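Examining the three-dimensional arrangement
Below, each chain spelled out in residue letters.
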Amino acid sequence: MVQTNNSIPAGRQQRIMDFLSVNDSISIKEAAEFCNVSEATARRDLDDMALTDLVERTHGGAILHRGTGFEAIHAEKQTVMIPEKKKIAKAAAELVRDGDSIFLDSGTTACMLAEQLSTVKRLTIVTNNLDIAYAAKMDPSSTMIVTGGFRRDGYNVLVGDIGEEFIKKLYVDIAFLGADAVNVEKGVFNSNFLEIGIKKSILNCGKKRVMISDCSKFSKKALAKVCDIEDFDCIITDEGIGEEKRKVLEEKIPRLIVV
């Protein structure tokens, strides 16, 4: 009897790797359909691949394993987890009131949040993200402040001592931060050192500190630690985070919002 490629685990796993090289993530259902096997078989394949560090398992699927120093390019970040990011941005916008001052960190979710704030009056937005500074639609009574600093090529974010020193002089009502990776036990991480100082300054300038990160960030690893989970007053994420991580977060922070 001749075995087909679909009946051999190594053959199926190579097909999954081919899929991930183009799509970056795969659900159990997609893996099952792509390899023409049951979802139980697809789940076992993904589990086996995770044991050998080929992939990183997520709730309901897997993502391609990348080193802690890897950072997706700006354009790539703007195409991933869009529905989830929009829900998170909408929930974050509901925390903002007329007359507030807020800091918006770099990231696509923060950009989406900025788009939700056009009706807020007397709002002051501070950001180190040039996309936000350029595209945010604001009420005429509101103000946009850009930190200054050196533009990080390819990411439209301002970094460096100039920006850090400026942020240290601020005290805003809410500081919204994103993350490249989140470990519910070890903390929040970033893929490069250039933004660490800025992110720490943003965290310290907020009366309330809110992390806005989709569930995929909770399955990733990154190089440099920014802060602990307990440093946040609130975390907003999506339901893909899974029940186990959700319980841990609820024990560590005052408020968890899952959309």
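Presented here is an overview of the structure given in this document. (Residues numbered from 1 in each chain as written. Predicted model: local features only at pLDDT ≥ 70, side-chain atom pairs only at ≥ 80, totals over all residues. Heavy atoms only, no water.)

**Thoughts on helix H5 (residues 82-93)**
Taking 1.5 Å per residue, 12 residues should reach 16 Å; H5 reaches 16 Å between its end C-alpha atoms and fits that length. The set of residues buried in H5 consists of Lys-85, Ile-88, Ala-89, Ala-91, Ala-92 and Ala-93. (Helix = DSSP H or I, 4+ residues; strand = E, 2+ residues; numbered from the N terminus. Expected span 1.5 Å × (residues − 1). Buried < 20%, exposed > 50% of the residue type's maximum accessible area, 1.4 Å probe, protein only.)

**A closer look at a positive patch on the surface**
Among the surface-exposed residues, Arg-97, Lys-207, Lys-208 and Arg-255 lie close enough to one another that they form a single positively charged patch. Along the chain, Arg-97 falls in the loop between H5 and strand S4 (101-104). (Patch = residues over 30% accessible without salt bridge, like charges linked within 9 Å, V, L, I, M, F, W, Y side chains within 5 Å. Areas by Shrake-Rupley, 256 points an atom, 1.4 Å probe, with all protein chains shown as cover. Salt bridge = Lys/Arg side-chain N within 4 Å of Asp/Glu carboxyl O. Lys, Arg positive; Asp, Glu negative; His and termini not counted. Charge placed at Lys NZ, Arg CZ, Asp CG, Glu CD.)

**Structural notes on the nonpolar core**
Note that soluble globular proteins tend to have their nonpolar side chains buried in a common cluster. In this structure, Phe-103, Val-188, Met-211, Phe-218, Phe-232, Ile-235 and Leu-249 are the most contacted members of the largest nonpolar core, which totals 32 residues. Elements represented by at least two residues in this core include exactly strand S8 (157-159), strand S9 (172-177), helix H9 (196-204), strand S13 (224-227) and helix H10 (243-252). Among the elements that take part in this core, H9 stands out by supplying four residues, more than any other. Sequence-distant contacts of Phe-218, defined by excluding residues within four places in its chain, comprise Val-182, Val-184, Met-211, Ser-213, Ile-235, Thr-237, Ile-241, Lys-245 and Leu-249. With 27 residues, the next largest nonpolar core counts Ala-89, Leu-113, Leu-123 and Ile-174 among its residues. (Core = buried A, V, L, I, M, F, W, Y, C linked by side-chain atoms within 4.5 Å. Contact = heavy atoms within 4.5 Å.)

**As for the sheet that holds strand S6 (residues 143-146)**
Taking strand neighbours across the sheet as the criterion, the seven strands line up as S6-S5-S4-S9-S12-S14-S15 in an open arrangement whose pairing is parallel. The two strands at the open ends of the sheet, each matched to only one other strand, are S6 and strand S15 (255-258). Shown here is a sheet whose adjacent strand axes are inclined to one another by a mean of 20°, direction ignored. Most of the contacts of H9 go to strand S12 (residues 206-212), to which it runs at about 125°, and overall it touches S4, S9 and S12. (Pairing = 2+ DSSP bridges. Axes fitted to C-alpha atoms, helices over the stretch in contact; angles between N-to-C directions.)

**Focus: the sheet that holds strand S10 (residues 181-183)**
Each strand in a sheet pairs with another by means of backbone hydrogen bonds, the pair being arranged parallel or else antiparallel. Judged by pairing direction, the sheet is antiparallel, and its three strands sit side by side in the order S10-S11-S13 without closing on themselves. A single partner strand is all that each edge strand has here, and the edge strands are S10 and S13. Strand-to-strand twist in this sheet, taken as the mean axis angle between neighbours without regard to direction, amounts to 35°. As paired strands, S10 and strand S11 (residues 187-190) are joined by three bridges and run antiparallel to one another.

**Quick word on the pairing of strand S14 (residues 234-237)**
Both faces of S14 are covered, namely the face carrying Cys-234 and Ile-236 and the face carrying Ile-235 and Thr-237. One ladder, built from three bridges, connects S12 with S14; its direction is parallel. Residue pairing across strands places Val-210 opposite Cys-234, the latter belonging to S14. Strand direction decides the pairing type here: S14 and S15, joined by four bridges, are parallel. Following the sheet pairing, Ile-236 is matched in S15 by Ile-257. Between S14 and its parallel partner S15, the chain crosses via H10, and the hand of that crossover is right-handed. (Right-handed = clockwise from strand over helix to strand, strands pointing away.)

Geometric values such as these leave the question of function open.
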